Amino acid sequence: MNAPILSVSNVGKAYRQYGSEFARILAWFNVAAKPIHERRVLRDISSDVNPGDAIGIVGQNGAGKSTLLKLITGTQRPTIGQIHVGGRIGAILELGMGFNPDFTGRQNAYHSAGLMGFSQADIDGIMPEIEAFAEIDDYFDQPVHTYSSGMQMRVGFAVITAFRPELLIVDEALAVGDAYFQHKSFNRIREFQKQGTSLLIVSHDRSAVQSLCDRAILLEHGKIIHDGNPEAVFDYYNAIIAEKENETVEVKQLSDGKVQTTSGTGEARVESVALLNSDNEPIELVNVGQPISLEINIKVYQDISTLVLGYMIKDRLGQIMYGTNTWHTKQIVSDLKQGTGLKYLIHFPANLGPGTYSISTALVSTETHLVNNYEWRDLACVFEVVNLDKGTFVGTSWIHPSINVEKE
Amino acid sequence: MKPLLLAVWRYRYFILSSIKVDFKARFVRSRLGGLWLIIHPLVQAATFALVLGQLLSGRLPNMSDNKLAYAVYLLAGTLAWNLFTEVITRCLTVFIDNGNLLKKLVFPKICLPLIVTGSAIVNNALLFGAILAVFAVLGYVPGLNVFWVPLLTIITLGLALGIGLILGTLNVFIRDIGQVVPIVLQLGFWFTPIVYTPDIVPGSIQKLMQLNPMYWIVRAYQNAILYDTALPWLSLGFIFLTSLALLGLAMTLFRRASHEIVDVL
């Protein structure tokens, strides 16, 4: 194993307030002056990042994600603990930072690259590549104030990623620009990763994190409360953002090693989930395209006015294949008394590619689980899709083609 | 200290490019661009020359026969004072103005005051050029002592940078400083013999004025550009040593404060 590219040990950060600023200045010179107030935003953060690792940082607003990134990039210093970085850090925090609107894209690119500490010769060498990657043609030599915000971000991204860093930090900024440029940016990041760049990604976008990262860290109130595979971390995160009074989050290790997360206030609960074939027999192995039914039994534990059932099919990485709820299908059940049982039968063809899939269920009052979350259950049911009679294909969807070939 | 110097060396391209950008930015949207920086002090000097010229031109020692003397006197003082105030006022807000950059990107913070210094040198050189051009038009030829001006520039810069860096660092934490300094500079302008000659003030106040380092620097500029006499070397040497001490203090303060600057921006 190589030495970690980034090693964070017991890091804490506190913002200090002094009775007066003079006291702060005295404190620099070791004259005893106690801060009257310390706001601790991070505590006991320890983690190592090895070359090529990709780690997602997840957490609610104010959990300390940005502060942690600032400590890692070095714009701020930890109050206690050590951060050791073994290479150059590139940070995509705010694209187009410090661009002067009166100068051309090229001049700004030179300036920004200079700000990253590169010499003129380095920048001269890489400039054609920056220009080519940004793909904004003649605009590159026009003043930046004539740019659209997307164009500005293109130049910004091209400059920041012009030189491959050992550690690339991406903060939310990936959802910029048009679909084409997003793909291009993602490709470049993946390319870097292949060449050994480690990634640190802060995002609320589950699919972005799950497609790039092999590990995720969940921050809450300045502490790491979960560190594991992105799917489990996101399930847990999902559970805590719905967390309210009287709500419980329950994490259960399933027999196959996966982690099932259940959360909610418990007015209604899923009693059983089963996947049935057309003969109503429970199955775990499903053929591509086979018609199947999902049977969900629910019990109401307290009187509730409305009940909506939602479900999602996720692949092994936790990417959502499909999901909907009975609010969207206009099948809301109203005025449920304590003790009522409900049975939902959902029929659909398993138009999925070969692989393992899981089903998550949600019992809520409206279209989202953020209002009333009675119960949210991840990995409620797991099944495997196998290709028994279709021709070979790749991907997670079964999109039946008919191909015509004509010789002319 | 050594890592700091190394960082500056590594960022030399950025520093130079920033000075260039600073300069070019003035020309992008205005016709006269950077010329405004020269026009400003020149008009100020011309105003004083017009208003006070009759009153003071006879007061200049050994220059009663020279009609241009007062104008030259004014310009010499302006050249010194302008450099001094530009560096101080810009250092004062340099960290606050670049707060967003400091919060988002990692680069040696010390680059910022260096960029300010660099661009002040460029501006001052242009002003000096313009003043020489005015002299040429007026038909005034300065003596050989004028070649001391670059050395005087360095001494002035050292003093201004030392004071500016201390105030700029403190201003991040105590914003009142940013309000007080312009007032003090305004008073300083009138407590320095730029528009008047020192002999018109009473002797006791003159003694007091000599505690002001800019008193000696302005006098030295006047000696170099107008009187063509030897500079007050002893005082200048003392000021230079004081500047070094101030710079040392500034660097200590800056390095202690450095990691808290971003916290409070």
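Residues numbered from 1 in each chain as written. Chains lettered and ligands numbered in written order. Predicted model: local features only at pLDDT ≥ 70, side-chain atom pairs only at ≥ 80, totals over all residues.

Focus: the overall build of chain B
Working step 1: Scanning chain B for helices and strands turns up 11 helices and 0 strands.
Working step 2: Ordering the α and β elements of chain B from the N terminus gives α-α-α-α-α-α-α-α-α-α-α.
Working step 3: Within chain B, buried positions represent 38% of all 265 residues.
Working step 4: Sequence-distant contacts, at least 24 apart, represent 78% of the contacts inside chain B between residues at least 6 apart. (Helix = DSSP H or I, 4+ residues; strand = E, 2+ residues; numbered from the N terminus. Buried ≥ 20, exposed ≤ 12 C-beta atoms within 10 Å, placed from the backbone. Contact = placed C-beta atoms within 7 Å.)

Let's talk about the overall build of chain A
Working step 1: Along its length, chain A carries 8 helices and 20 strands.
Working step 2: Counting over 408 residues, chain A shows a buried share of 37%.
Working step 3: Within chain A, residue pairs in contact and separated by at least 24 positions form 73% of the contacts whose partners lie at least 6 positions apart.

Considering the sheet that holds strand E2 (residues 37–49) of chain A
All names here are of chain A.
Working step 1: The 3 strands lie next to each other as E2-E1-E4, forming an open sheet whose pairing is antiparallel. Because the sheet does not close on itself, it has two edges, and the strands there are E2 and strand E4 (80–85). Each strand of the sheet is rotated relative to its neighbour by a mean of 25°, with strand direction disregarded.
Working step 2: In this sheet, E2 lies alongside strand E1 (residues 6–17) in antiparallel orientation, the contact comprising 9 bridges. Pairing of Ala14 across the sheet is with Arg40, part of E2. (Pairing = 2+ DSSP bridges. Axes fitted to C-alpha atoms, helices over the stretch in contact; angles between N-to-C directions.)

Things to note about the nonpolar core
Working step 1: Membership of the largest hydrophobic core comes to 155 residues, with the highest contact counts inside it found for Ile169(A), Ile217(B) and Tyr221(B).
Working step 2: Broken down by element, this core gets its largest block of residues, 19 residues, from helix H4 (residues 69–97) of chain B.
Working step 3: Those residues within four positions of Tyr221(B) in sequence are excluded, and the remaining contacts are Ala76(B), Gly77(B), Leu79(B), Ala80(B) and Leu152(B). (Core = buried A, V, L, I, M, F, W, Y, C linked by C-beta atoms within 7 Å.)

Observations concerning the interface of chain A and chain B
Working step 1: Each partner contributes to the interface: chain A provides 25 residues, whereas chain B provides 23 residues.
Working step 2: Where the side of chain A that touches chain B is concerned, the elements lending two or more residues are helix H1 (21–28) and helix H3 (105–115) of chain A.
Working step 3: A per-class count over the side of chain A that touches chain B returns 9 nonpolar, 11 polar and 5 charged. (Nonpolar A, V, L, I, M, F, W, Y, C, P; charged D, E, K, R; others polar.)

Let's talk about the packing of helix H7 (residues 149–173) of chain B against helix H8 (residues 176–190) of chain B
Geometrically, a packed helix pair is captured by the angle between its two axes and the distance between the axes.
Residues and elements named next belong to chain B.
Working step 1: Contact geometry of H7 with H8 gives a least axis separation of 7 Å together with a crossing angle of 140°. As judged from the angle between their axes, H7 and H8 are oblique. Facing H7, whose interface residues are Leu167, Leu170 and Asn171, H8 presents Ile177, Gly178 and Val181. (Parallel < 35°, antiparallel > 145°, perpendicular 65-115°, else oblique.)

Here's the deal with helix H3 (residues 35–56) of chain B
Working step 1: Of all the bends found along H3(B), the most pronounced is centred on Leu50(B) and spans about 45°.
Working step 2: Contacts made by the buried residues of H3(B) are with H4 and helix H6 (111–138) of chain B. (Bend = angle between axes of the 7 residues up to and from the residue.)

A few points about the environment of Ile115(B)
Residue and element names in this part refer to chain B.
Working step 1: Within the fold, Ile115 resides in helix H6.
Working step 2: You can call Ile115 buried: it has 22 C-beta atoms within 10 Å.
Working step 3: Distance in space between the C-alpha atoms of Ile115 and Ile19 is 5.7 Å, their sequence separation being 96 residues.
Working step 4: Ignoring sequence-local partners within four residues, the contact set of Ile115 consists of Ile15, Ser18, Ile19 and Asp22.

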